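Given next are the chains, with one letter for each unit.
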Amino acid sequence: MNDLTKWYKEAIFYEIDPRTYFDSNGDGIGDLQGILQKLDYIKSLGTDCIWLLPIFSSPMKDGGYDIEDYYAIHPDLGTIEDLKELINAIHQRGMRLILDLVVNHTSDQCEWFQKGEADKDSPYHDYYVWSDSDEKYKDTRIIFLDTEKSNWAWSEKAQQYYWHRFFSSQPDLNYDNPAVREEMKMIMRFWLDMGIDGFRADAVPYLIEREGTNCENLPETHVYLKEMRQLIDAEYPDCILLAEANQWPRDLMPYLAKGDEFHMAFNFPVMPRIYKSVGVGDNSSLIETLKDTPGIPDDCQWCTFLRNHDELTVEMVTEEDRKLLWDIYAPEKRMHLNLGIRRRLAPLIGGDMHKVELLYAILFSLPGVSIIYYGDEIGMGDNIWLEDRDGVRTPMQWSNGAHAGFTIGNPKKLYRPVIDEGEYDFKKINVAQQIEEKGSFLNRLKALVHMRKAHPLFTSQGFTIVNAWQREVFAIQRSNDSETILCLHNLTDEQQTVALGKTTYNHLHASIDPMEQEIQYSSEVTLPPFSYLWLIRI
Ligand code: NOJ
């Protein structure tokens, strides 16, 4: 593998919902040209790679994860020419772009499904997984528990059941069919040829079904995923595949395999444990998960995150921890969705932005690279009264002007309503105001991002947990040949004193004030409640 392919090991990712980022034509729906207009802002955050939620043509029953035509951009968002322009502008700024590739299923509006459903002799029938009974694959869990009763849905037209792991409007593709395998590769080539830098591959554990298994993470699925990787290596060696596999650590590792499957995988197991650590003031389950996560191949990288466009999933924790996390972070029933919590970062943390900064510091101290979910950089709120996960996908709050500055027009209706009341009202929380205000969360987060980026050791694999016994503090040391940085995080609402031994350290500033003084620490240091301190060994 050549050096070109390593950019992802150091990038900070920025996740955007294109429909709610910026509306450049005034129709009330965000679009590709809108993102283009905001690239300098995105660059200023210190982010290097944009991940766009699905942009292909879709009836939008699942945020675009229900694709109708894999070769067309949804007209609300723009055209292929717009995408090409966006790719160029992103590359000109030294950034990258990855798109969502929905590998596992299509929309039931997709021509393949419609043809296959209408005619059992059509070659498209076998693009999907059909059965005369709904008794097969009984050991498979239901993911969208709040809406689906079964993974099988009855088709009147076909007089058969079809298999679906998500909404019944999202039939699963049949990866035992060579034509489907080839089709998905053609789709990959189509978009990679346009110059994008890779894909976040959606729902990859579920490609193949086998009786007597839970139909997740099957060896046959990994065989196909490796074929996708071979295509990338052979034809697009500078591009990446990022795995969305919400699995226990032991099942997640095979997605990185020997460095011959995915370049990156979201670190799902670590995410809820970060929330637990600050929720209960105890480092133990976070440390346990970090220790349980085996090393990964050199050319691979973890992608860590605090929030994304979905509910905060608490599937991969013990039942006891799930209950605990629900009690702490989802006190109202309406905040629950499936096995998760539909809230944004700032409201989850009670709007305490110092504590939110602590969570980011913990995230950035971990091995891997991180993702920032649009809007979380200013502490946007959520609207739990919207349906499904829409409440964490409200329009970006650019200013205190009309419609939060989200649109250039005055449309009757926005794609989703802006948050215009309470603590997270756009008049109080918006980009324009936070750019101006020196000590704003936006500026503090930018400083933290820049600090992390100034020290490449953070993107390496190695780490040492320090003073694990002092459960109130999460202390992680990162080093390379030239530097050692000790990151201390106080998980509690009381001050904590940490022993530093014989080593002397300088304060590593996430400073927005270049004049801030050097402070030296030796023997011990005291951290205020819910604060962090990163120290560099001298
Ligand atoms: C994971 C995506 O993040 C989620 O938004 C979607 O609903 C499911 N996959 C199904 O595609």
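See above for the structure.
Residues numbered from 1 in each chain as written. Predicted model: local features only at pLDDT ≥ 70, side-chain atom pairs only at ≥ 80, totals over all residues. Heavy atoms only, no water.

Caption draft 1: Layout of the sheet that holds strand β14 (residues 336–337). Read across the sheet, three strands follow the order β13-β15-β14 without closing on themselves; strand pairing throughout is antiparallel. The strands lining the two open edges of the sheet, one partner per strand, are β13 (312–313) and β14. Sheet topology places β13 next to strand β15 (residues 340–341); two bridges connect them, and they run antiparallel. Along β15, the bridge assignment pairs L312 with I341. (Pairing = 2+ DSSP bridges. Helix = DSSP H or I, 4+ residues; strand = E, 2+ residues; numbered from the N terminus.)

Caption draft 2: Structural view of the packing of aromatic side chains. Summed over all chains, the structure comprises 35 aromatic pairs. On the basis of an interplanar angle of 65° and a centroid distance of 4.9 Å, the ring pair of W154 and Y161 is categorised as edge-to-face. Taking the relative accessible area as the measure of exposure, W154 reaches 37% and is therefore partly exposed. Between the aromatic rings of Y373 and Y374, the centroid separation amounts to 4.9 Å while the plane-to-plane angle is 75°, which identifies the pairing as edge-to-face. Each member of the pair, Y373 as well as Y374, is classed as buried. Three or more aromatic residues joined by ring pairs form one cluster here, namely Y14, Y21, F22, Y41, Y373, Y374 and W398. Directly above the aromatic system of F426 lies the positively charged group of K427, at a separation of 4.6 Å from the ring centroid. (Phe/Tyr/Trp six-rings, centres within 6.5 Å; stacked < 30°, edge-to-face > 60°. Buried < 20%, exposed > 50% of the residue type's maximum accessible area, 1.4 Å probe, protein only. Lys NZ or Arg CZ within 6 Å of the ring centre and 35° of its normal.)

Caption draft 3: Region of the structure containing the site of the ligand. Around the ligand, the surrounding shell consists of D62, Y65, H105, F144, F166, R200, D202, E244, H309, D310, R389 and R393. Between H105 and the ligand, the recorded distance is 2.9 Å, taken from a side-chain N or O atom to an oxygen atom. For the ligand, an oxygen atom lies 2.7 Å from a polar atom in the side chain of D202. For the ligand, whose accessible area on its own is 300 Å², the fraction buried by protein is 97%. Each residue belonging to the shell around the ligand can be placed in one class, and the counts come to three nonpolar, two polar and seven charged. (Near = heavy atom within 4 Å. Polar contact = N/O pair within 3.5 Å; in protein donor to acceptor, adjacent residues only side chain to side chain. Areas by Shrake-Rupley, 256 points an atom, 1.4 Å probe, with all protein chains shown as cover. Nonpolar A, V, L, I, M, F, W, Y, C, P; charged D, E, K, R; others polar.)

Caption draft 4: The arrangement of helix α8 (residues 270–280) in detail. Taking burial as the measure, the eleven residues of α8 include nine buried ones, the bulk of the element. Taken residue by residue, α8 has V270, M271, P272, R273, I274, Y275, K276, S277 and V278 as its buried positions. Those residues of α8 that are buried lie in contact with α9 (284–292), β12 (301–305), β13, α10 (319–329), α11 (345–348) and α12 (353–365). The positive-phi residue at the C-terminal boundary of α8 is G281, with phi of around 65°. (Contact = heavy atoms within 4.5 Å.)

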